[in-house]
Amino acid sequence: MNRSNIRRVSHGYHYFFVKPGRKTDVHTAATRLMGIREIREVAVTEGDYGFVVKAHNVDEGEKAVVREIARAVGGSSRRAVCHCRYVRN
């Protein structure tokens, strides 16, 4: 493996693992999630969570973002803080 193609980026994002409500339309919910200002990406997933949401650092307004996510999907979310990322060049 060529490690010279990998670099560490010190700033991170917050990731939210989102469980939508039972009757939530996936594409409508994803569009609503993307309408939240702090959210940068939404991945529709299968398994314990229906979405993984990447949000710009939201330390100050985390409670508001969590409320907006719940409102958008009719469910709940859990946050994972990312302190740094490793990316390929």
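Residues numbered from 1 in each chain as written. Predicted model: local features only at pLDDT ≥ 70, side-chain atom pairs only at ≥ 80, totals over all residues. Heavy atoms only, no water.

(A) Up close: the packing of aromatic side chains. Tallied over the full model, the rule gives one aromatic pair. Taking the centre distance of 5.7 Å and the plane angle of 50° together, the rings of Phe17 and Tyr49 count as tilted. Here Phe17 is found in strand β2 (residues 14-19), whereas its partner Tyr49 is found in the loop between β3 (39-44) and β4 (51-55), with 32 residues between them in sequence. Residue Phe17 is classed as partly exposed on the basis of its relative accessible area of 29%. (Phe/Tyr/Trp six-rings, centres within 6.5 Å; stacked < 30°, edge-to-face > 60°. Helix = DSSP H or I, 4+ residues; strand = E, 2+ residues; numbered from the N terminus. Buried < 20%, exposed > 50% of the residue type's maximum accessible area, 1.4 Å probe, protein only.)

(B) Summary view of the sheet that holds strand β5 (residues 76-81). Across the sheet, four strands lie side by side as β3-β4-β2-β5; this open sheet has antiparallel pairing. Strands at the two margins of the open sheet, each flanked by one partner only, are β3 and β5. Each neighbouring strand pair of the sheet contributes to a mean axis angle of 20°, computed without reference to strand direction. Strand direction decides the pairing type here: β2 and β5, joined by six bridges, are antiparallel. Each residue of the ladder has a partner; that of Phe17, found in β5, is Arg78. (Pairing = 2+ DSSP bridges. Axes fitted to C-alpha atoms, helices over the stretch in contact; angles between N-to-C directions.)

(C) Quick peek at the nonpolar core. Phe16, Leu33, Phe51 and Ile69 are the most contacted members of the largest nonpolar core, which has 15 residues in total. Among the secondary structure elements, those contributing two or more residues to this core are β2, α1 (26-34), β4 and α2 (62-73). The biggest single contributor to this core is α2, with four residues. Setting aside residues up to four positions removed in sequence, Phe16 forms contacts with Phe51, Val52, Val53, Ala55, Val58, Val65, Val66, Ile69, Ser77, Arg78 and Arg79. (Core = buried A, V, L, I, M, F, W, Y, C linked by side-chain atoms within 4.5 Å. Contact = heavy atoms within 4.5 Å.)

So yeah, pure geometry; function would need other evidence.
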